[in-house]
Amino acid sequence: MKTLREIHQEIDRLSEERAELWHQLSAEHDPTVREQIRRLDAELDALWDEHRAVRARLRFGDREKIVARARVEERLERAA
């Protein structure tokens, strides 16, 4: 699992790369560059999802444990 710092560094690196590609694309339309931008956009989306997941895990704990605890509480409420 990556740390928030590692995720941010990768986001920064890919964002700079994407900015350079947009600059190239503005000078001349190139389908290859456009596809690279789409690929980078997908990678950045995945990194931001990972960032949110890590932040949630740090703040609230492991998702599996939270779900298990909620199920136990739900069973207790139904039994009462």
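Just so you know, these numbers come straight off a predicted model, no measurement behind them.

**Some thoughts on the overall build of the chain**
In step 1: On a plain count of helices and strands, the chain comes out with 3 helices and 0 strands.
In step 2: Radius of gyration (C-alpha) of the chain: 20 Å, far over the 12 Å computed for a compact globule of 80 residues.
In step 3: Considered along the principal axes of its C-alpha atoms, the chain spans approximately 70 × 25 × 15 Å.
In step 4: When the 80 residues of the chain are sorted by exposure, 15% land in the buried category.
In step 5: Look at the contacts in the chain between residues 6 or more apart in sequence, and 60% of them connect residues 24 or more apart.
In step 6: Accessible area of the chain: about 6700 Å², with a carbon and sulfur share of 50%.

**Some details on the pattern of salt bridges**
In step 1: On inspection of all chains with the given rule, the structure shows 9 salt bridges.
In step 2: In this structure, the salt-bridge partner of Lys2 is Glu50, at a minimum N-O distance of 3.9 Å. Placement of Lys2 in the segment before α1 (4-27) and of Glu50 in helix α2 (residues 31-60) is noted, with a sequence separation of 48 residues between them.
In step 3: Residue classification places Lys2 among the partly exposed positions, given a relative accessible area of 28%.
In step 4: Among the charged side chains, a salt-bridge network with shared partners connects Arg13, Glu17, Arg39 and Glu43.

**A look at the environment of Arg71**
In step 1: Within the element layout of this structure, Arg71 appears in helix α3 (residues 63-79).
In step 2: You can call Arg71 exposed: its relative accessible area is 52%.
In step 3: As for Arg71 and Leu25, which are separated by 46 residues in sequence, their C-alpha atoms are 51 Å apart.

**Examining the confidence of the model for the chain**
In step 1: Chain-level statistics for the chain give a pLDDT mean of 92 and a share of 100% at 70 or above.
In step 2: No element of the chain has a lower mean pLDDT than α3, which averages 87, and none a higher one than α1, which averages 96.

**Concerning the nonpolar core**
In step 1: With 11 residues, the main nonpolar core is built from Ile7, Ile11, Leu14, Leu21, Leu25, Val33, Ile37, Leu40, Leu44, Leu47 and Val54.
In step 2: Among the secondary structure elements, those contributing two or more residues to this core are α1 and α2.
In step 3: At 6 residues, α2 tops the list of elements feeding residues into this core.

Rules used throughout
- Residues numbered from 1 in each chain as written.
- Predicted model: local features only at pLDDT ≥ 70, side-chain atom pairs only at ≥ 80, totals over all residues.
- Heavy atoms only, no water.
- Helix = DSSP H or I, 4+ residues; strand = E, 2+ residues; numbered from the N terminus.
- Rg over C-alpha atoms; globule rule 2.2 N^0.38 Å.
- Buried < 20%, exposed > 50% of the residue type's maximum accessible area, 1.4 Å probe, protein only.
- Contact = heavy atoms within 4.5 Å.
- Areas by Shrake-Rupley, 256 points an atom, 1.4 Å probe, with all protein chains shown as cover.
- Salt bridge = Lys/Arg side-chain N within 4 Å of Asp/Glu carboxyl O.
- pLDDT = per-residue confidence, 0-100.
- Core = buried A, V, L, I, M, F, W, Y, C linked by side-chain atoms within 4.5 Å.

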